[in-house]
Amino acid sequence: MDRRPTSSSSIETHFVDIHEVLPKEKEGAMEDKVEKPPKRPNKFRDMKKPSGRSFSRQVSLETGFSVLNRESKAKDERRVLRSGKSFGGFGANNTNQVGRDGRKGDFSIFMTKSSLTRQNSLLPSRKEIGLDSQKNDGPGHDDDSVPAGRYFAALKGPELDEVKESEDILLPKDELWPFLLRFPIGSFGICLGLSSQAVLWRALATSPATKFLHVTPFINLALWFLALAVLLSVSFIYILKCLYYFEAVKREYFHPVRVNFFFAPWVVCMFLAISLPSILAPKTLHPAIWCIFMGPYFFLELKIYGQWLSGGKRRLCKVANPSSHLSVVGNFVGAILAAKVGWEEAAKFLWAVGFAHYLVVFVTLYQRLPTSEALPKELHPVYSMFIAAPSAASIAWGIVYGDVDGLSRTCYFIALFLFVSLIVRINFFRGFRFSVAWWSYTFPLTTVSVASIKYAEHVPSVLSKGLAISLSFMSSTMVLVLLVTTFLHAFVWRTLFPNDLAIAITKRKHSRDKKPFKKAYDIRRWTKQSPLSLVSAITKNHSADKDLDDQEMELAGH
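In this text, all values refer to a predicted model and were calculated from it rather than measured experimentally. (Residues numbered from 1 in each chain as written. Predicted model: local features only at pLDDT ≥ 70, side-chain atom pairs only at ≥ 80, totals over all residues. Heavy atoms only, no water.)

Novice: Please clarify how a nonpolar patch on the surface should be interpreted in this entry.
Specialist: Judged by side-chain polarity, Val420, Ile423, Val424, Ile426 and Met474 come together as a nonpolar surface patch covering roughly 400 Å² of accessible area. Along the chain, Ile426 turns up in the loop between helix H19 (406-423) and helix H20 (443-458). By relative accessible area, Ile426 is classed as partly exposed at 46%. (Patch = residues over 30% accessible without salt bridge, like charges linked within 9 Å, V, L, I, M, F, W, Y side chains within 5 Å. Areas by Shrake-Rupley, 256 points an atom, 1.4 Å probe, with all protein chains shown as cover. Salt bridge = Lys/Arg side-chain N within 4 Å of Asp/Glu carboxyl O. Helix = DSSP H or I, 4+ residues; strand = E, 2+ residues; numbered from the N terminus. Buried < 20%, exposed > 50% of the residue type's maximum accessible area, 1.4 Å probe, protein only.)

Right under this line is the structure:
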């Protein structure tokens, strides 16, 4: 073949096609080097131009290597590190840039949209920090919520708060998140435990069955103010979280377990209204108090019960867990408050609604239907929720109808049996990580203690009074232990609010074996293809060629 020396322009084109584009910082320095005339003759000018076939072969090989290099880089960016830096951490290519910017995790994906808009000018572009892979998984990119089944698939533990080892998260594990992002809705459990204690000590101070104890009402007064102060503090912090990290609040709302804790603030308010100290309480509470506290609870349960009834991805058999009793107990507490404000018909209505849904939740959890998500085998304080609803139903029936009759005693005996079935397995409750959600599991024991006091009033005996005092002492001791433990975790060990990994899961599980790009020239894709698929592809191509030949013969015949 004819070989002619190549010109300088062709050589320049050759370098542009093969080599990668240099960054802007090095472009100026490179141009200076190119503009300087070479001090000695270039050896490439004396070389002969290779043949057309060999030149095109060289370009295809170089291009293929550069493409493979780019694909491997893209794959490295998508690979999730087992250190937990997944989509929130960055690869080695971005280490210097992250160090200059002082940012390790993109927490803005959980921020409220208005707050995120104000800070857009201070944030680097998504392409610069390598967050393109979040566009389909971040909470702020579309209106689709995380499916309920996804939480069961990606999380583990009775509270669904631990991420499985095979799952990815959107934020880094080895970096401490902002405080508001770590503050969970389960913090209202502290308020539940303290406010229910205020109810218990008011009953101990005013009940005829425990009159011989001479309990001072000032204990109820101190607990009431303590519960009120904690409620105001937790509510203020969570309102700030709603303002700045509303996307994280939405994630908690769609969580199968934590959605039930959105009922907790209103139950706490009704507990405080019921346990109002005699020094501060009027003879009859105003009905507006019941409307203010029960209204939001009622509209929220319309939403939740509607999802249970209408089916779909959040039907009861898919999302039922012991924490679902929180969405039922409020009906009985609201019935007690309605009776205290003088609205007896509203109290009867709420009791009926609560009892109907309690039966449904109880049967669903007790049967363990094949369509239900499996509950953990190990016991956990979450199982104490089984005691709360029948105890509250017993108390509410006695207050609404004025007598602890057969139905009230039936509910009380059910709660007592469930309590005994759990207390005999107390050894299985050891070895679990402490969390603020444990506070929510103290009020069921407090509720059964109050129910025992009401039962002892109508059935006075040594056994009934002794049971009421024993349960009350056990409940108060548990709350005191939790109070000390919470103080140590909050101020001494500073581990009360760890990173809330449950809200940072992806909307779908990412397959590690799936290739980010599928190109026709990718040789590895063809080598992994099964022989059957190769035979089918060859057969399709052969049949297509045969049809084309037949059409050409027909045209030639005409």
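Novice: When you look at the environment of Ser470 in this model, what are you seeing that I'm missing?
Specialist: Counting through the fold element by element, Ser470 comes out in helix H21 (residues 462-492). Spatially, the C-alpha atoms of Ser470 and Ser452 are 9.8 Å apart, while their sequence positions differ by 18 residues.

Novice: Is there a simple way to explain the packing of aromatic side chains in this structure?
Specialist: Two measures describe an aromatic ring pair: the distance that separates the ring centres and the angle between the ring planes. Scanning the model with the defined rule gives 28 aromatic pairs in all. Relative to Phe262, the ring of Tyr238 has its centre 6.5 Å away and its plane inclined at 75°; by these criteria the two rings are edge-to-face. A residue pair is termed long-range when its members are at least 10 positions apart, and Tyr238 in helix H11 (residues 217-244) and Phe262 in the loop between helix H12 (246-254) and helix H13 (264-274) qualify at 24 residues. Considered together, Tyr238 and Phe262 belong to a single accessibility category, that of buried residues. (Phe/Tyr/Trp six-rings, centres within 6.5 Å; stacked < 30°, edge-to-face > 60°.)

Novice: Sorry if this is basic, but what is going on with the side chain of His489 here?
Specialist: Here His489 shows up in helix H21. His489 sits in the buried class, given a relative accessible area of 16%. Discounting residues that sit within four places of it in the chain, His489 has contacts with Phe434, Arg494, Thr495 and Leu496. (Contact = heavy atoms within 4.5 Å.)

Novice: What exactly am I supposed to notice about the packing of H11 against H12 here?
Specialist: Think of two packed helices as two axes; the pair is described by the angle between the axes and how far apart they sit. Relative to each other, H11 and H12 sit at 110°, their axes nearing to 5 Å. Judged on the interaxial angle alone, H12 and H11 are roughly perpendicular. Of the residues in H12, those in contact with Tyr238, Lys241, Cys242 and Tyr244 of H11 are Phe246, Ala248, Val249 and Glu252. (Axes fitted to C-alpha atoms, helices over the stretch in contact; angles between N-to-C directions. Parallel < 35°, antiparallel > 145°, perpendicular 65-115°, else oblique.)

Novice: In this structure, what is going on with helix H18 (residues 385-401)? I would like to understand it.
Specialist: An α-helical turn contains 3.6 residues, so a residue and the one three or four places further along point in the same direction. If you check H18, its first and last C-alpha atoms are 25 Å apart, about what 17 residues at 1.5 Å a residue would give, namely 24 Å. Burial runs high along H18: 15 of the 17 residues are buried. One or two residues past the end of H18 sits Gly402, with phi positive at roughly 75°. (Expected span 1.5 Å × (residues − 1).)

Novice: Whenever I open this one, the pattern of salt bridges confuses me. Can you help?
Specialist: Any two side chains of opposite charge can pair, given that their charged atoms come close. For the coordinates displayed, the defined rule picks out six salt bridges. Among the ionic pairs, Glu345 bridges to Lys348, the shortest N-O distance being 3.7 Å. Of this pair, Glu345 and Lys348 are both found in helix H17 (residues 344-367), three residues apart, which corresponds to roughly one turn of the helix. Here Glu345 falls in the exposed class, since its relative accessible area comes to 58%. Linked by salt bridges that have partners in common, Lys241, Glu252, Arg258 and Asp500 make up one network.

Novice: Looking at this structure, I do not really get H21. What am I missing?
Specialist: With 31 residues, H21 ought to run about 45 Å at 1.5 Å a step, and its terminal C-alpha atoms sit 44 Å apart, in line with that. On its buried side, H21 packs onto helix H10 (188-206), H19 and H20.

Novice: Could you clarify how one ought to interpret the side chain of Thr447 in this entry?
Specialist: With respect to the secondary-structure elements, Thr447 resides in helix H20. One polar contact links the side chain of Thr447 to the main-chain carbonyl oxygen of Phe443, over a distance of 2.6 Å. Ignoring sequence-local partners within four residues, the contact set of Thr447 consists of Ala388, Ser391, Ala392 and Ile395. (Polar contact = N/O pair within 3.5 Å; in protein donor to acceptor, adjacent residues only side chain to side chain.)

Novice: How should the state of the cysteines be read in this particular structure?
Specialist: Covalently bonding the sulfur atom of one cysteine to the sulfur atom of another cysteine gives a disulfide. Per the stated rule, a full pass over the model turns up zero disulfides. Sulfur of Cys191: no disulfide; nearest cysteine sulfur belongs to Cys269 and is 8.9 Å away. (Disulfide = S-S within 2.5 Å.)

Novice: I'm lost on unusual backbone geometry in this one. Help?
Specialist: With the exception of glycine, most residues fall at negative phi, and the peptide bonds are largely trans. Positive phi, close to 55°, is recorded for His214, a residue that is not glycine. Along the polypeptide, His214 turns up in the loop between H10 and H11. By relative accessible area, which is 69% here, His214 ends up exposed. Notably, Arg494 is not glycine yet its phi reads approximately 55°, a positive angle. Relative to the helices and strands, Arg494 is located in the loop between H21 and helix H22 (523-527). Residue class for Arg494 comes out exposed when judged on its relative accessible area of 69%.

Novice: For this particular structure, what's the right way to read the confidence of the model for the protein?
Specialist: Do not read the predicted coordinates in detail wherever pLDDT is low. Taken as a whole, the protein shows an average pLDDT of 77; of its residues, 64% reach a score of 70 or greater. Of all secondary-structure elements in the protein, the lowest mean pLDDT belongs to helix H5 (residues 95-101), at 36, while H13 reaches the highest, 97. Contacts for the low-pLDDT stretch residues 121-135, under 50 throughout, to residues beyond four places or in other chains number 31 contacts. pLDDT under 50 marks residues 513-521. Its contacts with residues more than four places away, or in other chains, come to 13 contacts. (pLDDT = per-residue confidence, 0-100.)

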